[in-house]
Structures are given as C-alpha cells and as structure tokens.
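Spelled out, the chains give:
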Amino acid sequence: MHQPAVSHSSMANAIRALSMDAVEQAKSGHPGMPMGMADVATVLFTQFLKYDPQHPDWPDRDRFVLSAGHGSMLLYSVLHLAGYADMTLDELRRFRQLGSRTAGHPEYGHAAGVETTTGPLGQGVGNAVGMALAERLLAARFGDDLVDHYTYVLAGDGCLMEGISQEAITLAGHLKLGKLICLFDDNKISIDGPTSLATSEDETMRFAAAGWRVLAADGHDPAAIAAALTEARRTDGRPTMVRCRTVIGYGAPTKAGTAATHGSPLGEKEVAGARQKLGWSHAPFVVPNEIVAAWRAYGARGGAGYAAWEKRLAAAPAERRAEFERVVHGDLPATFAATIESLKAKAAAEKPKLATRQCSGAVLEELNKTMPELVGGSADLTGSVNTQVKAHKIVTAGDYRGGYIHYGVREHGMAAAMNGMALHRGIVPYGGTFLVFTDYCRPSIRLSALMGIRVVYVMTHDSIGLGEDGPTHQPVEHLAALRAIPNLQVMRPADMVETAECWALALAAKETPTVLVLTRQALPAVRTIHQRENLCARGAYVLSESTGPRRVTLLATGSEIAVALDAQAKLAGEGIEAAVVSMPCWSLFEAQPAAYREQVLGAGTVRVAVEAGIAMGWERWLGTEGGFVGMKSFGASAPAGDLFKHFGITADAVVAAVKARLG
C-alpha cells in the first residue's frame, strides 16, 4: 500500500495540538503526557498496532491500554485521527464536559477504542497483564489462526510507583507473557516535581529482575521507537518493557520538561509559543486535510487484516466457530440452567451441612464441566477458598491450556488482571481470597463495578466465624463497605442451594461484577424443598413464614440465617409469630417492586436483623424502630462458637431484641 506523503512530525504534532486545544478549552486536564508521548503513539498506531476503526470490537485486534489515564487526550486524539466514527472533532471540543465521550480519564464503554477505564495509576498495567493472559489462554484453546495479537500498555512513572504495578509485572514475567509490551513514558516528572523527589529506583533493573526483556529508545526519534518496537515483537518468551525517554510537554517553549505541564492547561501564551515552536500554524482544533487523510489511511490498513481474519473464522470447523463466537459474546452454554437445576435438586434432597466455601467449590466442580471459559484462581489460598476443581489444569509459563491460575500473594494484581481478562472477552474470570483482603483489591473491585464487567470475586472466611485467626482476619466492616459500591452484587448465601443460585446470578450478569461472601464454618441446610425458581434472584425472600399472622420479621444473611431460624422457633414457643427473611443480595432486593419489598419485609411488623458484621446500612430495611444483632467492635481470637456467644450473636439475643420492641 502506498504510504501517505506526510511527515511523522506533522502527524505527531496533530496529537499535540489537539491535546493542547482540548485541555485549554476545558480549562482543565493534562497536556504534558500527550505532548511527550505523541511520537511514540504515532509510530505505534501507524506502523505496528493491529486495529480496524470500522470494526473496533474485532476479537483479534491488538489491545492498547493507556494506564497513564490522565493523558486521555493522547488516546482521544489518536482515535479521532485514525477514523473511529464516534470520536468526532466535536467530542474533542467537549473534553471533560457532561455527557461527552471524552471524560477526564478514559472510561470503558464511552467510545470505541477505549479498552478499559484508567486513571487510578497502575490499574491499566494490571489490566494489560490480564488481557495478554486472556490472549494466550484463548489461543491455546482456539488456535493462533483465530487468536494471535499483542497487548500494549503505556505506563508512566506514577503507574510504576504504585504497588499494583509490582504485582502485575512479576506475574507477567513469571507466566512469560511474551506478547505483552509496556511502553514506559520515562519523563522523570511527577505532579510534585522531578521524580527524584520520591524515587531513585532503576526501572530497567526492576523489570529485568521480574523476568522482562528491557529495551530503550529516544521517545522523540521515530526510527529509534520503530526499531525498539520491532525488536519487542520478536518475542523470546518474555514480556518486554520499552523505556521511552521523553520530555513532558514537548514543544511548550517555557514549560516543557517541568511539572507545570502535567495537570494544568498550558495557558494561551504558552500554547501560542508551542504552536510556533512546533511549526503548527493552524487554528485550534483544525488539522489540515492532508494530515487527517494520512492518519485515516493508516487506520484503514487494518481492514484487510480484519477481512482475512473473518475468512479464517468462516473456514473454521462449525463447532469451533460456534463455540468461539459464544464465548466472545459472553453467552452462557445451553447446558448451564440444567447444571444449576441439578445442583439445587441434589442439595435439597441431601441437605448437606457444609461451609458455603465448600458449597461454592461443589458448584464450580459442575460448572467447570460445562463452562470451559470459566478461568479461576486464588491469591495463594487455593485450599482455603475452594476455587480449584479436580479437573483443573494449572496455567503455567509456556502452557496456557489450563483453567486455573496461581496468582500468588497478589490480591490487587489478581483483581486487576481479572478485569483485563473480562474486558478482553472470551474468558469469565473468578478469583478467591479472604473477605478481609478485599481491602487489598478494593480499587480494582470498584473499577469492575464502574466498567460494568463480569468478574466474580470469591471471598471466604467472612466473619468472626473463621475463629482463631483473630481480628486481623475477621471481617467486620467489609460487607457494609462493599455494599456501598454502586453496581456491585454482594451476595452472602446461607447453604448449598443459595450458593448455587448466587453463582447462577453472578455468571448471568454480563454487566455487573459479583462478590460471593462465603463462610469458613459449616452451616446447616436451610433450603430443603426443591424449587425451580431462583429465589435469590429477587435479593430477599421469605424463607420461613409465620404459621399465624406475622408480628415479627427476622432478617438475616449467610451464617446468621440459622440463628434467625432458631430465634423464630423460640419466639413461636412464646406465642410470638415471626417470619425469617433471607437477604442474600441487597442490591437485587432494592431493584424489586415496592409491593414485593413490602410483602417480604412485613408492613407493620417489628423488624430485627442479625448479621455478623456492623449495623451500617441495615437501617434501610429496619426503619428507625428496628433492631440489629451483630458486631460493634473488632473480633477476637477464639473458637468460632465461643466468639458468637461472646459477641452476643445468638438466637437468645435476637429474641431479646424482638421482645424489647414488642413491649
């Protein structure tokens, strides 16, 4: 194909100018990084990246992750110039304005070509590791003719200072994700000033120690950048970091190379000076037709690759093609509902007394047989969180045919990588650790919810019920903290049937992540009559109705359902009619019609809730007159049974709370 006769500098300066102009018009933003990395982005998008703006969701496209999300105008400018239909010039003019596609930091779902939501530094590095891992897993399953692409991540000094980056890069090095390339914007400037104020780390040695190959390039020399990327793609089995030495705010006459360009508009005078220095005489938001045409021509090159890939997909055996399309679209297998139904019927008949972490493991044993796209793992707690099934083959460096990942003690990196796998599509990731360690991965859980992606967090050892490990490991405030995150299903099942139902809901929710909150200790079966309906789907339901007119409603989740049922029996013995409501998922219950919620909660009844966590949030269901039996402090180290008595989470305490409100 004839290459457009437009200079590299003109194409790179188009990025710089659009970035300056958008930030200036918005009166906020970060012009420095886009101006500094414009040369690298131009080389990448015109010579190396495999993409097709006409088919932005092409499954075999290369992935580009802007981990340094504050430099969002770099990405928006490139998407506009390359010809992505929804990234119009008007959208660039509306940078950082309400309802625009051009949010201050890139947001997944706002525009084609934005592969993930970034901004919290380092998250994109973890996402990129997950994407690169998903690529290898799918290539091992479906073949290189359908899955064969690179993942590029642009990371800045701040990304690499964040602890999550260490978890991510060491995992990538250990698994030898050779098709992962990190472009390090080495501009040596942070918000406060030179990076030397806070770090003296040698990133070259750090990445090398983690099992990466490290290359270097002058980030303003297109030939050097191209040579480094060419070498980076000649993988020797290791991921590659290309250290791009750049000048932040390149072209700004007085502010280039300083923190002044990082997070503020350059100012009218500095922008004018930059235009003069760069030789860019055009008005704001004006890019000459020949430069736009050159960019669009490069963007259009991907069409041939897409067409060739489409032919390979069409020529694939029908069964393989259908399965590939199913997992990429995220559809559940045809046998899914029957698998869940069988699990529920068996549990209702056998009434097993198991910890819900064991129930989850039993559910996964069956789901693994019907959902090969379900890829599990844990943060070095496999035996405790029951996330590995008997048939699981371990994913290792060089052998990606497995379905189970040993993440090591990298909770944050695990969560970010799972986000990347979900974003890549074709994989449904789940990973486990103890509930208390959601503190170590909360930023990634929040981003799962913000992006609306299907990730399942298997969080066990959910209360003082874990016993002797003591208050450092006993979650108290964690349920409340997780329930506070919008668009996050927090599910706390009570037995095998509820656990199966919650797993079914988690996997059916394509646009909502789920935290499964599971016990260490064994619990009695409470759903002992088989029902085809998924009762947990309504978030809360009457598990045990009163025999006469209801005066009291007892609300509970998980392990405290048994406490509530015991209290119900004690109250009945004293002539007080009470119903027990199981509330495995508040957010689903909140979405139900008001009439259903009123029916379940019992209008005009005394309400008492019992849960081995803090009371925060329960007032929504209890009202001002309701009672709560739960935790008011941190836990302690002792056998679980002793702890429940010590902290007063007992049937007798529930009965006392009811009587106090009945007068």
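Residues numbered from 1 in each chain as written. Predicted model: local features only at pLDDT ≥ 70, side-chain atom pairs only at ≥ 80, totals over all residues. Heavy atoms only, no water.

S.K.: Please clarify how empty space enclosed by the protein should be interpreted in this entry.
M.R.: To find leftover empty space, a probe the size of one water molecule is rolled over the atoms. Enumeration according to the criterion identifies 5 cavities of 30 Å³ or more in this entry. Space inside the largest cavity adds up to approximately 90 Å³. Forming the boundary of the largest cavity are Phe45, Leu49, Tyr51, Pro56, Arg61, Asp62, Phe64, Leu75, Leu79, Tyr84, Gly113 and Glu115. A per-class count over the lining of the largest cavity returns 8 nonpolar, 1 polar and 3 charged. (1 Å grid on protein atoms, 1.4 Å probe; cavity = no way out; pocket = protein on both sides within 12 Å on 5 of 7 lines; lining within 4 Å. Points joined across faces, edges and corners; volume = space filled by probe spheres on them. Nonpolar A, V, L, I, M, F, W, Y, C, P; charged D, E, K, R; others polar.)

S.K.: Can you help me understand the environment of Pro106 in this one?
M.R.: The topology assignment puts Pro106 in the loop between α4 (89-93) and α5 (123-142). Take Pro106: its relative accessible area is 1%, and that puts it in the buried class. As a C-alpha pair, Pro106 and Ala636 span 530 residues in sequence and 43 Å in three-dimensional space. Look past the residues within four positions of Pro106 in its chain and what remains in contact with it is Leu66, Gly69, Ser72, Leu75, Tyr76, Val114, Thr116, Thr117 and Thr118. (Helix = DSSP H or I, 4+ residues; strand = E, 2+ residues; numbered from the N terminus. Buried < 20%, exposed > 50% of the residue type's maximum accessible area, 1.4 Å probe, protein only. Contact = heavy atoms within 4.5 Å.)

S.K.: Before we go on, may I ask you to explain the sheet that holds strand β6 (residues 213-218) in this structure?
M.R.: To summarise the sheet geometry, strands pair through backbone hydrogen bonds and adopt either a parallel or an antiparallel arrangement. Taken together, the 5 strands give an open sheet; going across it, the order is β1-β2-β3-β7-β6, and neighbouring strands pair in parallel fashion. Strands at the two margins of the open sheet, each flanked by one partner only, are β1 (63-66) and β6. When the angles between neighbouring strand axes are averaged without regard to direction, this sheet yields 20°. Relative to strand β3 (residues 180-186), strand β2 (residues 151-156) runs parallel, the two being bridged by 6 bridges. The residue of β3 that forms the bridge with Gly156 is Asp185. In the packing of α5 onto the sheet, contacts are made with β1, β2 and β3, and the angle to β2 comes to roughly 170°. Together, β2, β3, β6 and β7 (240-245) form the strand contacts of helix α9 (residues 222-232), whose direction differs from that of β6 by roughly 165°. (Pairing = 2+ DSSP bridges. Axes fitted to C-alpha atoms, helices over the stretch in contact; angles between N-to-C directions.)

S.K.: Is there a simple way to explain the pairing of strand β14 (residues 514-517) in this structure?
M.R.: Consecutive side chains along a regular strand alternate between the two faces of the sheet. Neither face of β14 is exposed, since Thr514 and Leu516 on one face and Val515 and Val517 on the opposite face are all buried. Inspection of the sheet shows strand β12 (residues 456-460) paired to β14 by 4 bridges, in the parallel sense. Bridge pairing in β14 places Tyr457 opposite Val515. Pairing geometry for strand β13 (residues 489-491) and β14, over 3 bridges, is parallel.

S.K.: Would you mind showing me how to read the sheet that holds strand β17 (residues 552-556) here?
M.R.: Spatial ordering of the open sheet is given by β16-β18-β17-β19-β20, a layout of 5 strands whose pairing is mixed. Looking at which strands have only one partner, the edges of the open sheet turn out to be β16 (541-544) and β20 (627-629). Neighbour to neighbour, the strand axes of the sheet diverge by 30° on average, direction disregarded. Relative to β20, strand β19 (residues 606-610) runs parallel, the two sharing 3 bridges. For Val610, the partnering residue across the bridge sits in β20 and is Val629. Helix-sheet contacts for helix α21 (residues 560-573) involve β16, β17, β18 (578-582) and β19, and the interaxial angle to β18 is about 170°.

S.K.: What is the right way to look at the pairing of β1 in this model?
M.R.: Side chains of β1 alternate between two faces, with Arg63 and Val65 and Phe64 and Leu66 buried alike. Pairing geometry for β1 and β2, over 4 bridges, is parallel. Bridging across to β2, Arg63 finds its partner in Thr151.

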